[in-house]
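Residue strings, one per chain:
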Amino acid sequence: MSNLKVNKDLVVSMDYELKVENSIVDFSEEGDPLIFLQGHGNIIPGLEKAIQGMSVGESKNVSVKAAEAYGEYEPENFIEVPRAEFPEEIPLEIGTEIGVNDENGEELSAYIEEVDVDKITLNFNHPLAGKDLEFNVKIVEIRQATAEELEHGHIHDDHDCCCGEDEDCDCEQDGSCDCNHKSEATD
Ligand code: ZN
């Protein structure tokens with residue numbers, strides 16, 4: 001077991017349970033912790049700050065205010081799109097998450113809020129915007145990041161596509177990663 005403590009540029013495996021208003025809304029499955037590169041904004045800022053310096057095996061309750069989690073709820077964060085302009089392949093179900101590029105080409109997440117005969121209303125607030133979050137976390141493992149992970153700012157492992165683009169990812173089963181489609185897009 002490593003003597004490392006959670007710090008920037010280290011890869012952290014963490015079990016967690018998330019409560020909002022006293023109900024559990026999310027948790028990691030037994031033996032399947034959340035794994036992320038600390039200090040690179042891979043998790044919400046308030047949680048990243050709170051676990052700094054924790055050791056393997058240590059648990060903690062962490063309260064994170066909305067502003068340090070998924071942001072405040074912004075009532076003006078809605079747009080209406082004429083139904084005719086809406087891509088046909090997206091299912092028109094309330095709550096469906098879609099990616100929308102802003103004017104800088106950055107991808108934002110929006111959620112279908114309302115479906116009318118002639119227009120679709122999109123909500124750009126995260127479903128947990130405006131909510132204070134209560135985490136119970138346990139640090140399971142800490143390891144050094146590889147040079148490639150540091151360069152990409154995210155972890156590479158053997159089950160998840162490192163880029164979150166499962167459809168066309170060429171990640172190999174041995175954990176090596178072909179992130180070309182990602183780096184071409186962002187670099
Ligand atoms: Zn990568």
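Please refer to the structure higher up on the page.
Here's what I pulled together on the structure shown here. Owing to the predicted nature of the structure, the values given are computational and were not obtained by experimental measurement. (Residues numbered from 1 in each chain as written. Predicted model: local features only at pLDDT ≥ 70, side-chain atom pairs only at ≥ 80, totals over all residues. Heavy atoms only, no water.)

1. Comments concerning the side chain of Ser 13
Alright, step 1. Relative to the elements of secondary structure, Ser 13 occurs in strand S1 (residues 10-20).
Alright, step 2. When neighbours within four sequence positions are excluded, Ser 13 is seen to be in contact with Pro 33, Leu 34, Ile 35, Lys 138, Ile 139, Val 140 and Glu 141. (Helix = DSSP H or I, 4+ residues; strand = E, 2+ residues; numbered from the N terminus. Contact = heavy atoms within 4.5 Å.)

2. Quick notes on the nonpolar core
Alright, step 1. Of all hydrophobic cores here, the largest spans 24 residues; its most connected members are Met 14, Leu 47, Ile 51, Leu 133, Phe 135, Val 137 and Ile 139.
Alright, step 2. Counting residues per element, the ones that place at least two in this core are S1, helix H1 (45-51), strand S4 (59-64) and strand S9 (133-144).
Alright, step 3. Once you skip the residues sitting within four places of it in the chain, Leu 47 turns out to touch Met 14, Val 62, Val 64, Phe 135 and Val 137.
Alright, step 4. With nine residues, the next largest nonpolar core counts Phe 86, Ile 98, Ile 120 and Phe 124 among its residues. (Core = buried A, V, L, I, M, F, W, Y, C linked by side-chain atoms within 4.5 Å. Buried < 20%, exposed > 50% of the residue type's maximum accessible area, 1.4 Å probe, protein only.)

3. Notes on the pairing of strand S6 (residues 97-101)
Alright, step 1. In this sheet, strand S7 (residues 107-115) lies alongside S6 in antiparallel orientation, the contact comprising five bridges. Paired with Glu 97 across the strands is Tyr 111, a residue of S7.
Alright, step 2. Counted between consecutive antiparallel strands, the loop separating S6 from S7 contains five residues, among which Gly 105 sits at a positive phi close to 80°. (Pairing = 2+ DSSP bridges.)

4. A word on the sheet that holds strand S8 (residues 119-123)
Alright, step 1. On the basis of which strands lie adjacent, the open sheet formed by four strands has the order S5-S8-S7-S6 and antiparallel pairing. Where the open sheet ends on each side, the last strands, each with one partner, are strand S5 (78-82) and S6. Neighbouring strand axes in the sheet, compared pairwise and without regard to direction, differ in orientation by 45° on average. (Axes fitted to C-alpha atoms, helices over the stretch in contact; angles between N-to-C directions.)

5. Regarding unusual backbone geometry
Alright, step 1. Phi is positive for Glu 21, which is not a glycine, with a value near 45°.
Alright, step 2. Tracing the sequence through the fold places Glu 21 in the loop between S1 and strand S2 (23-27).
Alright, step 3. A residue is classified by how much of its surface remains accessible, and Glu 21, at 62% relative accessible area, is exposed.
Alright, step 4. At Asn 22, a position not held by glycine, the phi torsion is positive, near 70°.
Alright, step 5. For Asn 22, the location among the structural elements is in the loop between S1 and S2.
Alright, step 6. With relative accessibility at 72%, the residue Asn 22 sits in the exposed group.

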